[in-house]
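Examination of the molecular architecture
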Amino acid sequence: MADFTQNSNVKSAVRKLAEPITDVTAFNALIQSVILNNPFGCVSYMNAGANHAPVEKSKETYTAKFVYQDEDAKKIGSGSENYDTIAGYTSGITAVLANTANVAAHGGTPAHDSDADTFSVALKCHDPNGELYMVTFARQQVSISSYEDDAIRTVIETWADGVPALA
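Residues numbered from 1 in each chain as written. Predicted model: local features only at pLDDT ≥ 70, side-chain atom pairs only at ≥ 80, totals over all residues. Heavy atoms only, no water.

In summary, soluble globular proteins display a tendency toward joint burial of nonpolar side chains. By size, the foremost hydrophobic cluster in this structure holds 35 residues, and its most contacted members are Phe-40, Tyr-133, Phe-137, Trp-159 and Leu-166. Elements represented by at least two residues in this core include exactly helix 1 (24-37), strand 4 (55-69), helix 2 (86-98), strand 7 (118-126), strand 8 (132-138), strand 9 (141-147) and helix 4 (150-161). With near-sequence residues (within four places) excluded, Phe-137 lies in contact with Phe-27, Leu-30, Ile-31, Val-34, Phe-119, Ser-120, Val-121, Leu-123, Val-142, Trp-159 and Leu-166. (Core = buried A, V, L, I, M, F, W, Y, C linked by side-chain atoms within 4.5 Å. Buried < 20%, exposed > 50% of the residue type's maximum accessible area, 1.4 Å probe, protein only. Helix = DSSP H or I, 4+ residues; strand = E, 2+ residues; numbered from the N terminus. Contact = heavy atoms within 4.5 Å.)

Below, the structure written as structure tokens:
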């Protein structure tokens, strides 16, 4: 039988943030800034006959957390809802808080626990050297994956050092 031979040295790196990104608005502003301003110097490319932007969203997830409290403010239940867009996240929070059947089932008053919410967006980036790599932003960390050239990590690290929310 033939053996598998390594043909690349794919790397990943993670930066844990000192403080979580404050909310979905600040998170979205950060993501949009990367897409619009292309601080990593990525370039557009063709794949399977389709033109791709230098930086594009690959996947996004927003999770809203809820607690249910009785009349003494004692926690009697919890829940979470996942959405694949910010619009869904925002309208979903309103819908959960207004869902009287769900409130009755929990036997308490719902509250959106926004500090416990999670957000994640994966951006696909095309480096001028031809590499495709991912930069995934989450509320508490930023990770880079599927890169080979250490210069990619250096560029992203240098950029992140200048963004206060990513300290």
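Continuing now.
Once that is clear, we can look at the pairing of strand 8. Note that strand 7 and strand 8 share seven bridges and pair antiparallel. Note on strand 8: the bridge partner recorded for Ser-120 is Ala-138. Hairpin connection of strand 7 to strand 8: five residues between the antiparallel strands, including Gly-130 at a positive phi of 100°. Direction of pairing for strand 8 relative to strand 9: antiparallel, over a ladder of four bridges. Bridging from a neighbouring strand, Val-135 pairs with Ile-144 of strand 9. Where strand 8 hands over to strand 9, the hairpin turn is made up of two residues, counted between the paired strands. (Pairing = 2+ DSSP bridges.)

Along the chain, Glu-131 turns up in the loop between strand 7 and strand 8. Buried within the structure, Glu-131 lacks any salt-bridge partner; Lys-11 is the closest side chain of opposite charge, at an N-O distance of 8.3 Å. (Lys, Arg positive; Asp, Glu negative; His and termini not counted. Salt bridge = Lys/Arg side-chain N within 4 Å of Asp/Glu carboxyl O.)

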